[in-house]
There are 2 protein chains.
Amino acid sequence: MQNNYCIIMAGGIGSRFWPVSKTECPKQFIDILGTGKSFIRSTFERFLPVVPPQNFLVVTNAMYKDLVLRHLPELNERQVLCEPMRRNTAPCIAYAAYHILSKTADANIVVAPADHLVTNETEFQRIITAGFNFVSQPENSNALLTIGIKPSRPETGYGYIQTPDAGCPNGQVTKVASFTEKPNLEKATQFLQNGRYLWNSGIFIWTLQGILNALNTHIPQITAVFDTGKNIFGSADEQAFINQNFGSCPDISIDYGVMEKSPHTYTIPADFGWSDIGTWGSLFVHAAKDNANNAVKGNAMLVNTQNSVVNVENGVEAIVQGLDQCLVAFSGNSLIVCRLADEQKIKEWVAQLNAKKQ
Amino acid sequence: MQNNYCIIMAGGIGSRFWPVSKTECPKQFIDILGTGKSFIRSTFERFLPVVPPQNFLVVTNAMYKDLVLRHLPELNERQVLCEPMRRNTAPCIAYAAYHILSKTADANIVVAPADHLVTNETEFQRIITAGFNFVSQPENSNALLTIGIKPSRPETGYGYIQTPDAGCPNGQVTKVASFTEKPNLEKATQFLQNGRYLWNSGIFIWTLQGILNALNTHIPQITAVFDTGKNIFGSADEQAFINQNFGSCPDISIDYGVMEKSPHTYTIPADFGWSDIGTWGSLFVHAAKDNANNAVKGNAMLVNTQNSVVNVENGVEAIVQGLDQCLVAFSGNSLIVCRLADEQKIKEWVAQLNAKKQ
């Protein structure tokens, strides 16, 4: 366990949860579900039984450094790696890998977004442990393992992982046949019936050498940038080096840049009550509902309203009447009322609203 | 003109415009239409050409005294009559009449709510002047005159005045055949076609003696209360007397208590762009609309939304999507989203919400 590292990716700005999640305090720092803990806090605690506290790294935007330390006071500030700008997941993961390399050459790493929901933490820890065990075997040192979630509905909001055979049991590592993009409903329905498809959770397990080799092979533009500062990682000059050079990395995801190209990809089927809570709709699926199937947070009186999400911050009172399958959310100085079916466009509307301000 | 008095009734709590209008600052003190002036300010200015400033009286709740003086700095504080509790329009009008009686026995009085909209002020002043001229003729000293508005639609939110004949011209006083309650849509449609019906504006013109006689005849319980303090009105003890005795008055409207019973009722047909702006829907009728027939006030971005009212206070930004014939309003710490068709229930919902607080 002393070689286990956890990289928490916490740089998102969460605009799909506007206005509750905003650039100033995005989703990972909020207790959207009302569990009493922010997403990043829950994520940290979920990994604590399998990763020592000093082996956590949080990669985030520089502006969130203080927020991270406030939510995870167990970390020292050198465990918070600050990106000067957003560059997608591949440069984020590479940065953390080079930082770990400055301390040890022998590490098993789990990489996870800061803002997922897991309801069965014991099963989660069993799966992560199985993944660590797999990659730490010498013959698997180049394996790139993705947690694959057993699908329970024809979800069109997730990417899928195809396995060679149907019915691979939970916790048993298998080769990846292919990664697929988010499907349309027809395809998602086929995937669900087919039995060979898993949801791509975006949670990865690999060794330090495995991911460095893969980055070097598939995105050498990134390793070239970091190689120039190889001796600087872990030193007092690391942040200055990152500030100067991070922007030279291409903006590319680890999925597109590495996983879809590598021959060493594996998946481990799992079922631990997972959601990426990427949208108000997925929150709705997981939240407690009232008798009319509404998910309500805050002081709201609902009249003749069904199948809706109402989320108003403390100190605000609301009357909501006559809605069906809608979202009503108020936070800070911002209000949204929209149809849940159209929530994928929230990001776009917020961008338009912000553009009008300038 | 020196005998003309104006009583502005400004004691309402405007809960039908919740949350923009609240008990702390009700509708009459708000610029809901965005004209640049509050309703009470507009009402005052509308009467100024026909009533000297020292002859205005505003009757309101004690808690609104400072608000009245802030909106009407031309008045001195003895022109603001404070009711210790709400007792409907008859006691309100009686209080003001006794106050005027302490100064003069010879007054023509116009009584108007503080929160109506008039778009043609010149025509308004012509009608009020015609009304003053009528009641100031000695043979009409007991006449009780109501401004009757030529109806333009089968409105179910107003009471109606039936006249003896159809087609009475604007500005010409005629007897009232009967007052009617708010009709249903079928009846309102008949009224509109019939040509003998006018909307009851709630604006009254009479002489001081005329209204005192009528109150004495039809609601002697009220004049009995005020007669006990006849010598106190206009003195430094008036407020103390009112505070002690006002609560003994029955809670009764001038319409029900006097107008529906008196044989001396008259009306003067008028058409000066009037609305009582009693509801969000009537505001909608009078507000400027965007291309999708929405009335929008504040920083709101509307997407695929039609025939709706969106009203958010300064400093709040809103995204509203996918609504039709709805109201979205935010003010203070309160939000409402509802169907405009159901807005008559807002009062009731607000009462329920407030009951939950206790």
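Here the structure is shown first, and the text comes after it.
Figured I'd write up the structure that's included with this text. Predicted, not measured: the structure shown is a model, and the values here were computed from it. (Residues numbered from 1 in each chain as written. Chains lettered and ligands numbered in written order. Predicted model: local features only at pLDDT ≥ 70, side-chain atom pairs only at ≥ 80, totals over all residues. Heavy atoms only, no water.)

### Some remarks on the relation of the copies chain B and chain A
Piece 1. Each copy superposes on the other: chain B lies on chain A with an RMSD of 0.0 Å after a rotation of 180° and an axial shift of 0.0 Å. One copy is carried onto the other by what is essentially a two-fold rotation axis. Across chain B, the smallest distance between a C-alpha and the rotation axis is recorded for Val337(B), namely 4.2 Å.
Piece 2. Interface residue correspondence from chain B to chain A reaches 100%, placing this contact among same-surface, isologous pairings. (Least-squares fit on C-alpha atoms with pLDDT ≥ 70 in both. Contact = heavy atoms within 4.5 Å.)

### What about the packing of aromatic side chains?
Piece 1. A full pass over the atoms with the stated rule returns 41 aromatic pairs over all chains.
Piece 2. Each ring, one from Phe330(A) and one from Phe330(B), has its centre 4.1 Å from the other, and the planes form 15°; the classification is stacked. Here Phe330(B) lies in strand S17 (residues 326–331) and Phe330(A) lies in strand S17 (residues 326–331), a pairing that spans two chains.
Piece 3. Considering the side-chain rings of Phe29(B) and Tyr64(B), the 5.7 Å spacing of their centres and the 55° angle between planes classify their relative orientation as tilted. (Phe/Tyr/Trp six-rings, centres within 6.5 Å; stacked < 30°, edge-to-face > 60°. Helix = DSSP H or I, 4+ residues; strand = E, 2+ residues; numbered from the N terminus.)

### So, the interface of chain B and chain A
Piece 1. Every contact between the two is made by 32 residues of chain B and, on the other side, 32 residues of chain A.
Piece 2. Carbon and sulfur atoms supply 58% of the area that chain B and chain A bury against each other, a total of about 2800 Å² over both sides.
Piece 3. Put simply, Glu317(B) and Lys22(A) hold a salt bridge, and the shortest N to O gap is 4.0 Å.
Piece 4. For the side of chain B that touches chain A, the secondary-structure elements that each account for two or more residues are strand S14 (299–303), strand S16 (317–321), S17, strand S18 (334–339) and helix H11 (346–357) of chain B.
Piece 5. Split into classes, the residues belonging to the side of chain B that touches chain A amount to 19 nonpolar, 7 polar and 6 charged.
Piece 6. Relative to S16(B), strand S18 (residues 334–339) of chain A runs parallel, the two being bridged by 4 bridges. (Buried area = accessible area lost by both parts, 1.4 Å probe. Salt bridge = Lys/Arg side-chain N within 4 Å of Asp/Glu carboxyl O. Nonpolar A, V, L, I, M, F, W, Y, C, P; charged D, E, K, R; others polar. Pairing = 2+ DSSP bridges.)

### Remarks on empty space enclosed by the protein
All names here are of chain B.
Piece 1. Counted by the stated rule, this structure contains 1 cavity of 30 Å³ or more.
Piece 2. Quantified by volume, the largest cavity comes out at close to 30 Å³.
Piece 3. Lining the largest cavity, in full, are Thr43, Arg46, Phe47, Ala112, Pro113, His116, Val118, Phe124 and Ile203.
Piece 4. Elements that contribute at least two residues to the lining of the largest cavity include exactly helix H1 (39–47) and strand S4 (108–113).
Piece 5. In terms of residues, the lining of the largest cavity owes the most to one element, H1, which gives 3 residues.
Piece 6. Classifying every residue of the lining of the largest cavity gives 6 nonpolar, 2 polar and 1 charged. (1 Å grid on protein atoms, 1.4 Å probe; cavity = no way out; pocket = protein on both sides within 12 Å on 5 of 7 lines; lining within 4 Å. Points joined across faces, edges and corners; volume = space filled by probe spheres on them.)

### Thoughts on the sheet that holds strand S14 (residues 299–303) of chain A
Consider a sheet: its strands pair through backbone hydrogen bonds, and that pairing is either parallel or antiparallel.
Piece 1. Strand order in the open sheet made by the 6 strands is S14(A)-S16(A)-S18(B)-S17(B)-S15(B)-S13(B), with mixed pairing throughout. Pairing within the sheet leaves two strands with one partner each, and these edge strands are S14 of chain A together with strand S13 (295–297) of chain B. Strand-to-strand, the axes of this sheet are offset by a mean angle of 5°, without reference to chain direction. (Axes fitted to C-alpha atoms, helices over the stretch in contact; angles between N-to-C directions.)

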